[in-house]
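If you want the building blocks of each chain, they are given just below.
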Amino acid sequence: MKKHKDLIAVLKSNEMRITPARRLLLQFILDNSSKQLSLKDVHDFMEENMPGVDRSSIYRNLEAFKKLDIIQELMLPKLGKRFQYVFDRKVHHFFICKACGKLNKGNKALFEKVESALKDVHGFSKANLSVVFYGYCSSCGKKTAQKEATRSAHGALSEAQQSMR
Ligand SMILES: [Zn+2]
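Below, the structure is looked at part by part. All of these numbers come straight from a predicted model, not from anything done at the bench.

### A short note on the packing of helix H3 (residues 39-49) against helix H4 (residues 55-67)
Okay, so step 1: Axis separation between H3 and H4 bottoms out at 11 Å; the angle between their running directions is 125 degrees. Of the possible angle classes, the one that applies to H3 and H4 is oblique. Along this stretch, H3 crosses H4, giving a crossing that reads as right-handed. Along its contact with H3, which presents Val-42, His-43 and Met-46, the element H4 presents Arg-55, Ile-58 and Leu-62.
Okay, so step 2: Residues of the contact of H3 with H4, tallied by class, amount to 4 nonpolar, 1 polar and 1 charged.

### A closer look at unusual backbone geometry
Okay, so step 1: The phi angle at Glu-15 is positive, at roughly 55 degrees, despite the residue not being glycine.
Okay, so step 2: Among the structural elements, Glu-15 can be located in the loop between helix H1 (4-13) and helix H2 (20-31).
Okay, so step 3: The phi angle at Lys-78 is positive, at roughly 75 degrees, despite the residue not being glycine.
Okay, so step 4: Along the chain, Lys-78 turns up in the loop between strand S2 (71-76) and strand S3 (80-85).
Okay, so step 5: Residue classification places Lys-78 among the exposed residues on the basis of 8 C-beta atoms within 10 Å.

### A few points about the environment of Cys-100
Okay, so step 1: When you line up the elements, Cys-100 lands in the loop between strand S4 (92-97) and strand S5 (103-105).
Okay, so step 2: Separated by 39 residues in sequence, Cys-100 and Ser-139 place their C-alpha atoms 9.4 Å apart.
Okay, so step 3: Filtering out sequence-adjacent residues up to four positions away, Cys-100 remains in contact with Cys-137 and Cys-140.

### Quick look at the nonpolar core
Okay, so step 1: Counting 16 residues, the largest nonpolar core has Ile-70, Ile-71 and Tyr-85 as its most contacted members.
Okay, so step 2: Sorting the residues of this core by element identifies H1, H2, H3, H4 and S3 as the ones contributing at least two each.
Okay, so step 3: Ignoring any residue separated from it by four or fewer positions in sequence, one finds Ile-70 in contact with Leu-7, Phe-65, Tyr-85 and Phe-87.

### With respect to the sheet that holds S3
As a general point, the strands of a sheet are linked pairwise by backbone hydrogen bonds and lie either parallel or antiparallel.
Okay, so step 1: One open sheet accounts for 3 strands, arranged S1-S3-S2; its pairing is antiparallel. A single partner strand is all that each edge strand has here, and the edge strands are strand S1 (36-37) and S2.
Okay, so step 2: For S1 and S3, the ladder comprises 2 bridges, and the chain directions are antiparallel. The partner of Leu-37 across the bridge, within S3, is Phe-83.
Okay, so step 3: Packed onto the sheet, H4 meets S2 and S3 and runs at close to 105 degrees relative to S2.

Rules and cut-offs
Residues numbered from 1 in each chain as written. Predicted model: local features only at pLDDT ≥ 70, side-chain atom pairs only at ≥ 80, totals over all residues. Axes fitted to C-alpha atoms, helices over the stretch in contact; angles between N-to-C directions. Helix = DSSP H or I, 4+ residues; strand = E, 2+ residues; numbered from the N terminus. Parallel < 35°, antiparallel > 145°, perpendicular 65-115°, else oblique. Left-handed = near helix turned anticlockwise from the far one by under 90°. Contact = placed C-beta atoms within 7 Å. Nonpolar A, V, L, I, M, F, W, Y, C, P; charged D, E, K, R; others polar. Buried ≥ 20, exposed ≤ 12 C-beta atoms within 10 Å, placed from the backbone. Core = buried A, V, L, I, M, F, W, Y, C linked by C-beta atoms within 7 Å. Pairing = 2+ DSSP bridges.

So this is what it looks like as structure tokens:
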């Protein structure tokens, strides 16, 4: 994983000033790199460590980090907006279950398939995949399929009843 100083270098090379608030925010993101942070998590941490910090500047910094691909914004069902550290991760894709809200990270094998398809179909190379798939995880998918099967069975039944009249 990248270190704090590597990220500071990224900010510098993008002509961002290194303010104490930015340093602190980066450290918080790195320390929680495996978590999906809410805006509240970030505010609470910043407020605790730098009382009186300007909320809108926190927000602007998060937006800037998003543009630099340090973090990715995710919309989690039931939870809302979250920020996930993605900077030195080649695979930035997530599967989010609409039913239970479970988040899974995409695996490398799938990424490689998509990468080669992009190259074959569009001649597009060195893709940095940053995608979020919303759907159903395997256990919720089964439940949904069962529900749908029951529903369509009912449907077929009432149609049959109607045609008998
Ligand atoms: Zn699920």
